[in-house]
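Reading the structure
Here are the chains, one letter per residue:
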Amino acid sequence: MSTVSQPVAAPAPAPPAGPPPPAARNIAVDAYRGLVMLLMMAEVLELARVSAALPHSAVWRFLALCQTHVDWVGCSLHDTIQPGFSFLVGVALPYSIASRLARGATFGRMFGHALWRGLLLVSLGIFLRSLHTSQTYFTFEDTLTQIGLGYPFLFLLGFRPARWQWWAFGSIVFGYWLAWALYPALGPGDHPIHRLVIIAPSWNHNYSGFLAHWNKYANLGLTFDQWFLNLFPRTEPFVANDGGYLTLSFIPTLGTMILGLAAGRWLRASAPAIPMRRLLAASAIGMAGGLLLHYAGVCPIVKRIWTPSWTLFSGGLCFLFLAVFCWIVEVRGYRKWAFPLVVVGVNSIAAYLMAHLWENFFIASFRIHLGAHFFQFLGAPYEPVLRGAAVLLAYWAALYWMYRRKLLLRI
């Protein structure tokens, strides 16, 4: 029997690839962000005051150290807040881009929003720093301001291949280091304006030799600020920030955000799995790189001026925190314990504003309605931490109320 071959229909053309679908929300990221914001809000506990009132207690001394920025070189738990906040901005960006593309947003509109967001963050940072001044206090070292200055550049990198972000990161770290290394190393009294800055006799963090390029009150960043910040109206000329913080730190802070961008891309690409090996390897490389630069005498680890070695070291710590949260929450599935942190983490801007705007209101309310000495029931030394715990609980209750009603403050 003869057979007649039938024509084979050509396969239908594949539909054009659309924007990547938004990934399911990573609860571990929200929990990590919640921890960062909780550490910031917990400043109201005033652990250093309790430690000062109980000078023989090693426990309170340790807790106070955890809640205090190091004077210059090194790192405390409190020093991980700002890099954690900045890193998580980068982690969230791939999720945000995917969500907006899925809703039909164009690149032009999204970039316009990125510029607007950066401007709002800068303005909000200046506003918060001006709360107790007689006029607008133009300063750019606030966490929100630093993120806002770098955010548009981060957004552009979010649309480029991964190799672009690593080239940008390497250029920032090396270029920023080189600029400081080439700037003349000055002692605290070698510059006419530097002589106006009084350093306490107990200050023992001045370097000599090559590392003197990164001394407090005698560096490239301060020289820039003494020119730049005095372009704005001020009640008196700017000489120096008391803590040594600088406007130009937004450049290496952008490096920290780029590391977060890499982590966010890895998480989205691997979802629902967690790229634990990558996160842990990045953590080890970052911390080892920062420590190597520090102990080799190439660049000290100084958070206050966000040195390149601090960018590497703190970035490694952020990768480690993220890996730990992902392992506990996403891999092991232990989520219930993280709920109080998630309530804070999903509303981070609201939490930031509460910590800056509501503290005095709550303290005054407690004093009016509970009495001036209500929180001394365990003794006067414990009053600051008990009062602070009540304020912290009030913050969380307000954030929980917003969480239940899906009132999320976004910029």
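Use the structure listed above.
On to the nonpolar core, then. Residues Met 41, Phe 87, Leu 154, Leu 267, Leu 279 and Leu 322 are the most contacted members of the largest nonpolar core, which totals 86 residues. Not counting chain neighbours up to four residues away, the residues in contact with Leu 267 comprise Asn 26, Val 29, Val 91, Tyr 95, Ala 273, Ile 274, Pro 275, Leu 279, Leu 322 and Cys 326. If you look at the next biggest cluster of nonpolar residues, it comprises 20 residues, including Trp 72, Ile 126, Phe 140 and Ala 181.

In contact at an axis separation of 11 Å, helix 13 (residues 348-357) and helix 15 (residues 383-404) are set at 150° when each is read in the N-to-C sense. Judged by the angle between their axes, helix 13 and helix 15 are roughly antiparallel. Helix-helix and strand crossings are classified by hand; for helix 13 and helix 15 the assignment is right-handed. Residue-level contacts link Ala 350, Ala 351, Met 354 and Ala 355 of helix 13 to Tyr 395, Ala 398, Leu 399 and Met 402 of helix 15. In terms of residue class, the contact of helix 13 with helix 15 is made up of eight nonpolar, no polar and no charged.

Along the polypeptide, Asp 225 turns up in helix 8 (residues 220-228). The side chain of Asp 225 sits in the buried core without any salt bridge; Arg 234 is the nearest counter-charge, 8.6 Å away. Beyond its immediate sequence surroundings of up to four residues, Asp 225 is in contact with Asn 230, Phe 238, Tyr 245, Leu 246 and Thr 247.

Assignment of secondary structure puts Met 110 in helix 5 (residues 107-129). Taking the C-alpha atoms as reference points, Met 110 and Arg 100, separated by 10 residues in sequence, lie 7.9 Å from one another. Not counting residues up to four positions away in its chain, the partners in contact with Met 110 are Ile 97, Arg 100, Leu 101, Ala 105, Phe 155 and Phe 159.

Note on pairing: side chains with opposite charge can pair once their charged atoms come close. Applying the stated rule across the entire model yields seven salt bridges. Note that Glu 46 and Arg 49 form a salt bridge whose closest N and O atoms lie 3.3 Å from each other. Note on Arg 49: relative accessible area 47%, which makes it partly exposed. Linking Arg 387 and Glu 46 is a salt bridge whose minimum nitrogen-to-oxygen distance equals 3.1 Å. Of this pair, Arg 387 sits in helix 15 while Glu 46 sits in the loop between helix 1 (27-41) and helix 2 (47-53), placing them 341 residues apart in sequence. Judged by its relative accessible area of 15%, Arg 387 falls in the buried class. Through salt bridges with shared partners, a single ionic network connects Glu 46, Arg 49, Glu 383 and Arg 387.

What counts and how
Residues numbered from 1 in each chain as written. Predicted model: local features only at pLDDT ≥ 70, side-chain atom pairs only at ≥ 80, totals over all residues. Heavy atoms only, no water. Core = buried A, V, L, I, M, F, W, Y, C linked by side-chain atoms within 4.5 Å. Buried < 20%, exposed > 50% of the residue type's maximum accessible area, 1.4 Å probe, protein only. Contact = heavy atoms within 4.5 Å. Axes fitted to C-alpha atoms, helices over the stretch in contact; angles between N-to-C directions. Helix = DSSP H or I, 4+ residues; strand = E, 2+ residues; numbered from the N terminus. Parallel < 35°, antiparallel > 145°, perpendicular 65-115°, else oblique. Left-handed = near helix turned anticlockwise from the far one by under 90°. Nonpolar A, V, L, I, M, F, W, Y, C, P; charged D, E, K, R; others polar. Lys, Arg positive; Asp, Glu negative; His and termini not counted. Salt bridge = Lys/Arg side-chain N within 4 Å of Asp/Glu carboxyl O.

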